[in-house]
Number of protein chains: 2
Amino acid sequence: MRAEIISVGTEHLLGQIVDTNAPYIAKKLASLGIDVFRKTTVGDNQKRIAEVLKESLKRVDLIIITGGLGPTEDDITKEVVSEVLRERLELNKEIFTKIEERLACFKKGTKRGALKQALIPHSAKILRNKIGTAPGILLEKEKKRIFILPGVPQEMRIMMDEEVIPYLSKISKKECIKSHILKLWGIGESQVEEKIADILQNQSNPTIALLVKKEGVCIRITAKFPPDKINREIKKVEHFLRIRLGDYIYGINEESMEEVVGTLLKKKRLSVSVAESCTGGLLSHLFTNISGSSTYYQGGIVSYSNEVKSSLLKVPDKLIKEKGAVSPQVAKEMAKRVREICGSDIGIGITGIAGPTGGTPQKPVGLVYIAISTPKEEISQKFLFSGKRENIKWKASQTALDLLRKQLIKKN
Amino acid sequence: MRAEIISVGTEHLLGQIVDTNAPYIAKKLASLGIDVFRKTTVGDNQKRIAEVLKESLKRVDLIIITGGLGPTEDDITKEVVSEVLRERLELNKEIFTKIEERLACFKKGTKRGALKQALIPHSAKILRNKIGTAPGILLEKEKKRIFILPGVPQEMRIMMDEEVIPYLSKISKKECIKSHILKLWGIGESQVEEKIADILQNQSNPTIALLVKKEGVCIRITAKFPPDKINREIKKVEHFLRIRLGDYIYGINEESMEEVVGTLLKKKRLSVSVAESCTGGLLSHLFTNISGSSTYYQGGIVSYSNEVKSSLLKVPDKLIKEKGAVSPQVAKEMAKRVREICGSDIGIGITGIAGPTGGTPQKPVGLVYIAISTPKEEISQKFLFSGKRENIKWKASQTALDLLRKQLIKKN
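Summary of the structure given here. (Residues numbered from 1 in each chain as written. Chains lettered and ligands numbered in written order. Predicted model: local features only at pLDDT ≥ 70, side-chain atom pairs only at ≥ 80, totals over all residues. Heavy atoms only, no water.)

**Re helix α12 (residues 282–289) of chain B**
Within α12 of chain B, eight of the eight residues are buried, which leaves the element mostly enclosed by the surrounding structure. Within α12 of chain B, burial applies to Leu 282, Leu 283, Ser 284, His 285, Leu 286, Phe 287, Thr 288 and Asn 289 of chain B. (Buried < 20%, exposed > 50% of the residue type's maximum accessible area, 1.4 Å probe, protein only. Helix = DSSP H or I, 4+ residues; strand = E, 2+ residues; numbered from the N terminus.)

**Observations regarding the pairing of strand β13 (residues 272–276) of chain B**
All names here are of chain B. When you tally the buried positions in β13, you get five out of five residues, the bulk of the element. A two-sided burial pattern is seen for β13, the buried positions comprising Val 272, Val 274 and Glu 276 on one face and Ser 273 and Ala 275 on the other. Taken together, the five bridges between β13 and strand β14 (residues 297–302) define a ladder with parallel strand orientation. From the neighbouring strand, Val 274 faces β14, where its bridge partner is Gly 300. As a crossover connection, the stretch from β13 through α12 into β14 is right-handed. (Pairing = 2+ DSSP bridges. Right-handed = clockwise from strand over helix to strand, strands pointing away.)

**Describing the relation of the copies chain B and chain A**
In this structure, two copies of a chain are linked by a rotation about an axis accompanied by a shift along it. Rotating chain B by 180° about the axis while translating it 0.1 Å along that axis superimposes it on chain A, leaving an RMSD of 0.2 Å. The transformation relating the two chain copies, once decomposed into turn and shift, fits a two-fold axis. A share of 100% of the interface residues of chain B reappears at the interface of chain A, consistent with the copies meeting face to face through the same patch. (Least-squares fit on C-alpha atoms with pLDDT ≥ 70 in both. Contact = heavy atoms within 4.5 Å.)

**Regarding the side chain of Gln 398 of chain B**
Residue and element names in this part refer to chain B. By secondary structure assignment, the location of Gln 398 is in helix α16 (residues 389–410). The class for Gln 398 is buried, based on a relative accessible area of 1%. When near neighbours in sequence (up to four residues on either side) are disregarded, Gln 398 contacts Trp 185, Tyr 250, Met 257, Glu 258 and Leu 286.

**What about the state of the cysteines?**
Here a disulfide denotes one covalent bond, and it connects the sulfur atoms of two cysteines. Counted under the stated rule, the structure contains zero disulfides over all chains. Considering cysteine sulfurs only, Cys 342 of chain B is the nearest to Cys 342 of chain A, which forms no disulfide, with 13 Å between them. Classification of Cys 342 of chain A as buried rests on a relative accessible area of 5%. (Disulfide = S-S within 2.5 Å.)

**With respect to the pairing of strand β8 (residues 144–149) of chain A**
A regular strand places its side chains on the two faces of the sheet in alternate fashion. Residues and elements named next belong to chain A. Pairing of strand β3 (residues 62–66) with β8, which is carried by five bridges, proceeds in the parallel orientation. Bridging from a neighbouring strand, Leu 62 pairs with Arg 145 of β8. Taking the residues that link successive antiparallel strands as the turn, the strand β7 (residues 136–141)-β8 hairpin has two residues, and the phi of Glu 142 there is positive, at about 45°.

**Quick notes on the sheet that holds strand β12 (residues 249–252) of chain B**
Residues and elements named next belong to chain B. On the basis of which strands lie adjacent, the open sheet formed by four strands has the order β10-β11-β9-β12 and antiparallel pairing. The sheet is open, and its two edges are formed by β10 (207–213) and β12, each paired on a single side. Here the average twist between neighbouring strands, direction ignored, is 25°. Of the strand pairs in this sheet, strand β9 (residues 176–184) and β12 are connected by three bridges, and their pairing is antiparallel. Paired with Leu 184 across the two strands is Ile 249, which belongs to β12. (Axes fitted to C-alpha atoms, helices over the stretch in contact; angles between N-to-C directions.)

**As for the sheet that holds strand β6 (residues 125–127) of chain A**
Read across the sheet, twelve strands follow the order β6(A)-β7(A)-β8(A)-β3(A)-β1(A)-β2(A)-β2(B)-β1(B)-β3(B)-β8(B)-β7(B)-β6(B) without closing on themselves; strand pairing throughout is mixed. Edge positions in the sheet fall to β6 of chain A together with β6 (125–127) of chain B, since each of these pairs with one other strand and no more. Averaged over neighbouring strand pairs, the angle between their axes works out to 15° when direction is ignored. Relative to β8 of chain A, β7 of chain A runs antiparallel, the two sharing five bridges. The residue of β8 of chain A that forms the bridge with Leu 139 of chain A is Ile 146 of chain A.

**What about the environment of Gly 355 of chain A?**
Residues and elements named next belong to chain A. Residue placement: Gly 355 occurs in the loop between β15 (346–352) and β16 (367–373). By relative accessible area, Gly 355 is classed as buried at 5%. On a C-alpha basis, the gap between Gly 355 and Glu 390 in space is 9.2 Å, while along the polypeptide they are 35 residues apart. Non-local contacts of Gly 355, meaning those with residues more than four positions away in its chain, are made with Val 365 and Arg 389.

**Points about the environment of Ile 34 of chain A**
All names here are of chain A. For Ile 34, the position within the fold is in the loop between α2 (21–31) and β2 (35–42). Exposure remark for Ile 34: the relative accessible area of 2% places this residue in the buried category. A sequence separation of 141 residues divides Ile 34 from Glu 175, and the C-alpha atoms of the two residues are 8.9 Å apart.

Put into structure tokens, the structure is as follows:
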């Protein structure tokens, strides 16, 4: 089955929002082995939406449209699609009542809006909207299938997962496309390329691609096989890549570094606390993003000013004066003190210069020391990160988690 | 001038990445009064890229293409565009030398890749790539202008800002489109709609639209006027909206809540410290995202466990036992203690239940108390936020910043 995705909304063409709906849909379709041929974005304009839809109908047999189902005058997707497909819009009383109930409950919206949203093309199948007012629509016309989904990402996602995917998986039975991603930290793209050059050159199915993302270098393995074979084929390639890249691989697919580290801490029944300066709370924020992190994350201190470093963390003034706040000694002391104060098994200390100001020739912006303290040992490493303030905060936090991860694996 | 944007890359159609290039370009073009008619995404496939380009050339006179300029075999944008426009590709020795120097310096890449990237269409104008190897390309053919830019966002952005925009602003002289956004917190979309219903109904130019974003309800004012009038027309509308919505408006355009609060703190020469439990470091992270925040942000404590609340923050055990860790009393105590410990003018305390577990009928997931302590007064407010763990962390942090903002404005 060939598909196209159409995103409707002038806000896209003004660059006011980033379209996360289209990639979400694309990924889901890929997992069913449905090839997406094109994605098109068009404004809230009757003539242009109609043009895009007519062109798409010539090329593919599945079209998923998002956006323009709202209650206001500029929401015209349903109206235009109905016109192109020569469908009459009819008021669906059941939907109307549901919308009215919902609006009353949230004390918002207007009757006029509800009437508009309850208009449904004559032959449409209605897709339930669990968390919003706009119902989704499926039209089946001459072997073509057209879905219209709301543009609000949360509503679209639930509808995609619970209505569209189950429907499509019934009718799509050929080879699947599946992607599997290995995530690496602490290694650059070119180094990865070098280590797996021969594998990269000899790839065909599965294919292997390198992507550089915020969360590190990612290796995407994409396979196209019948459902019963696909996982085995991916595993084979993964196996060879793991031999070459070892511990640089910290996770797969959606797994975040903090999730991986959290799982390791839980498994080993170890607790952790954090003293951070240049990362300013980000490391604690990452730890606590994980549900259940309270079983291993004890607490943290953001010692942004030197006074807090000495008053709260009890890092000796003398040490700060002699070695400087950004030094391996202070990082180690921070890690040790926070571990003791919070009564955790492991302490992490981070001190550095996030910039853009505050750098010197000896201690430039991006210089960061990260220390890990346990009752048995203390380690500290020096890093020089590039980028803007937020990038440096991010890289330092990820690297701290990665250092801890490597320590936790080593102790196996 | 009418424009279209084409994003090239199979990774888009597999949903592996979110396209941030297209909105960036769209926004820049809108600011020059250039209407973007369509955005199309197509895979790394010769036939399909050619099709999309040919269709676009029929519709518009400016096309901006991103992606597929890399050194590997699957990067074919330049090759396809040259074929469609009947341009010969020629090796540009100067570019080749630059790429080789760059690769040597970073110890990566291959000669074959460099040779490929240095192939330039015969009549092209070359756009400098300051931070990467792939040069950008401008082709001018029969009054049509085609830009090809790298897909790496950082490289594309610099090239867009420093090469494309200056070029286009010279040739685009008509009315501008400009958008101006007012950002609100602590008020729902329907309440905003109610307060400005008449303004919404009578809009034409500028137009007014409501958008619900992570950072709150946003009102987008979009005007289309000659450059000398446009700012005045926007200001007029903004003035009326501000009369209706007052302090709900916390910022404009790219301004974040933490930026606004930071500016207020700086202006009033006040310092702040944070004791947070359910937000787990996020509030400190937001404060410290702002460059120069060290002048007002003193430090923070993430008191995730009750032990840390009592050992580090010295919140009396008895209070926690009697009132519960999630209570207005503990929030106040946290705010006061962290203010005293860090020696700041203001202390913020947050305690709540981020979920998904840990809720009870009396204290459900999403219940959060936020307190602000100054030497003169202590306030605490109760909130019930909805959503997942990350949403609750986010809403609680934003609300804490907003409470502080309102306090700071009030004291004028």
